[in-house]
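One letter stands for each residue in the lines below.
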Amino acid sequence: MEKIFDCLIDSFIENKVGVAEGFLSASLSAHLKENLIALFENKKFLNAGVGNDVLVHEDKRIRSDVIYWLDRKHENQYENDFFDLMDGFVAYLNRTCYTGITGYEFHYTLYEPGTFYKKHIDQFQHNGCRQYSMIMYLNADWKTEDGGELRIYRADEEQNISPDSGKSVFFKSSDLAHEVLITHKQRMSITGWLKIG
């Protein structure tokens, strides 16, 4: 895994946006997708909000995805395999880049056809604990016409990233505005933040 970790970190250092194919193995990605779908069908997902824990509110004009928070307490084998992977990545990131990450939080994210998340920044205005944003995609055989790209806004250009299964995206939570473009079929991912404090 260190080769894939290095790919993610090196592309982040070079471009401010790290992208690595195969961060999630095909097997783990498939199992997590199955788990996401089962949870959704059992109505375990919640409407996503905007703002922090204190100021959160729902606004379908800004974002229209649904989420389910991951937790080791669920004792789900594949979620725990994912957490083991993240523990390894955080340890490697701290060891090689001295980032001082002390925790993380992740949720499943599902966008139904016609949904989106408008341009935003991930770090809360009054809370700087989110240091890095990470997204791991669970969408096999994604095509350009399916939409749903992650659009990163830079000073001089926009970068669109296709949500292909197994791919991970990594960037500073406070630095880059981004959005999820309208998707034309179900779009699934694990989204979260590496944190300090």
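Reading the values: rules and limits
Residues numbered from 1 in each chain as written. Predicted model: local features only at pLDDT ≥ 70, side-chain atom pairs only at ≥ 80, totals over all residues. Heavy atoms only, no water. Salt bridge = Lys/Arg side-chain N within 4 Å of Asp/Glu carboxyl O. Helix = DSSP H or I, 4+ residues; strand = E, 2+ residues; numbered from the N terminus. Pairing = 2+ DSSP bridges. Axes fitted to C-alpha atoms, helices over the stretch in contact; angles between N-to-C directions. Contact = heavy atoms within 4.5 Å. Parallel < 35°, antiparallel > 145°, perpendicular 65-115°, else oblique. Left-handed = near helix turned anticlockwise from the far one by under 90°. Nonpolar A, V, L, I, M, F, W, Y, C, P; charged D, E, K, R; others polar.

Visitor: For this particular structure, what's the right way to read the pattern of salt bridges?
Guide: In a structure, side chains of opposite charge can pair up when their charged atoms sit close to one another. The tally for this structure, following the rule as stated, stands at 11 salt bridges. In this structure, K167 and E21 form a salt bridge, with 3.9 Å as the shortest nitrogen-oxygen distance. Placement of the pair is K167 in the loop between β8 (158-161) and β9 (168-172) and E21 in the loop between β1 (18-20) and α2 (26-41), with a sequence separation of 146 residues. With its nearest N and O atoms 3.5 Å apart, the salt bridge here joins K185 to D146. Taken as a pair, K185 in the loop between β10 (178-180) and β11 (187-195) and D146 in the loop between β6 (130-137) and β7 (150-153) lie far apart in primary sequence, 39 residues in all. Bridged by salt links that share partners, the residues E21, D164 and K167 form one connected network.

Visitor: Help me understand the sheet that holds β8 in this model?
Guide: Sheet strands pair by backbone hydrogen bonding; their relative direction is either parallel or antiparallel. In space, the four strands of this open sheet follow the order β5-β10-β7-β8, with antiparallel pairing throughout. Here the strands that pair on one side only, and so sit at the sheet edges, are β5 (117-120) and β8. On average, each strand axis in the sheet is inclined to that of its neighbour by 15°, with strand direction left out of account. Sheet analysis places β5 next to β10, joined by two bridges and oriented antiparallel. Along β10, the bridge assignment pairs Y117 with V180.

Visitor: Would you take a moment to explain the sheet that holds β9 for this structure?
Guide: The antiparallel open sheet is built from seven strands, whose spatial order is β1-β9-β6-β11-β4-β3-β2. Because the sheet does not close on itself, it has two edges, and the strands there are β1 and β2 (46-47). In this structure, strand β4 (residues 103-111) lies alongside β11, joined through nine bridges in antiparallel fashion. Bridging from a neighbouring strand, F106 pairs with G192 of β11. Of the strands in this sheet, β3 (66-69), β4, β6 and β11 touch α2, which is tilted by about 65° from β4.

Visitor: Honestly, the pairing of β8 in this entry has me stumped. Any pointers?
Guide: Put simply, side chains in a regular strand alternate between the two faces of the sheet. Sheet analysis places β7 next to β8, joined by four bridges and oriented antiparallel. Considered in β8, the bridge of R151 is made with N160. The loop that links β7 with its antiparallel partner β8 comprises four residues.

Visitor: Which parts of the structure should I look at to understand unusual backbone geometry?
Guide: In this model, K43 sits at a positive phi of 60°, which is unusual for a non-glycine residue. The residue K43 is located in the loop between α2 and β2 in this model.

Visitor: How should I be thinking about the packing of helix α1 (residues 2-15) against helix α3 (residues 77-97) in this particular structure?
Guide: Helices that pack against each other are described as a pair by the angle of their axes relative to one another and the distance between those axes. The geometry of α1 relative to α3 is characterised by a closest axis approach of 11 Å and an angle of 60° between their N-to-C directions. When the axes of α1 and α3 are compared, the pair comes out oblique. Seen from above, α1 lies across α3 with right-handed handedness. The segment α1 lies against α3, with E2, F5, D6, L8 and I9 engaging L85, G88, F89, Y92, L93, R95, T96 and C97. Residue composition of the contact of α1 with α3, by class: eight nonpolar, two polar and three charged.

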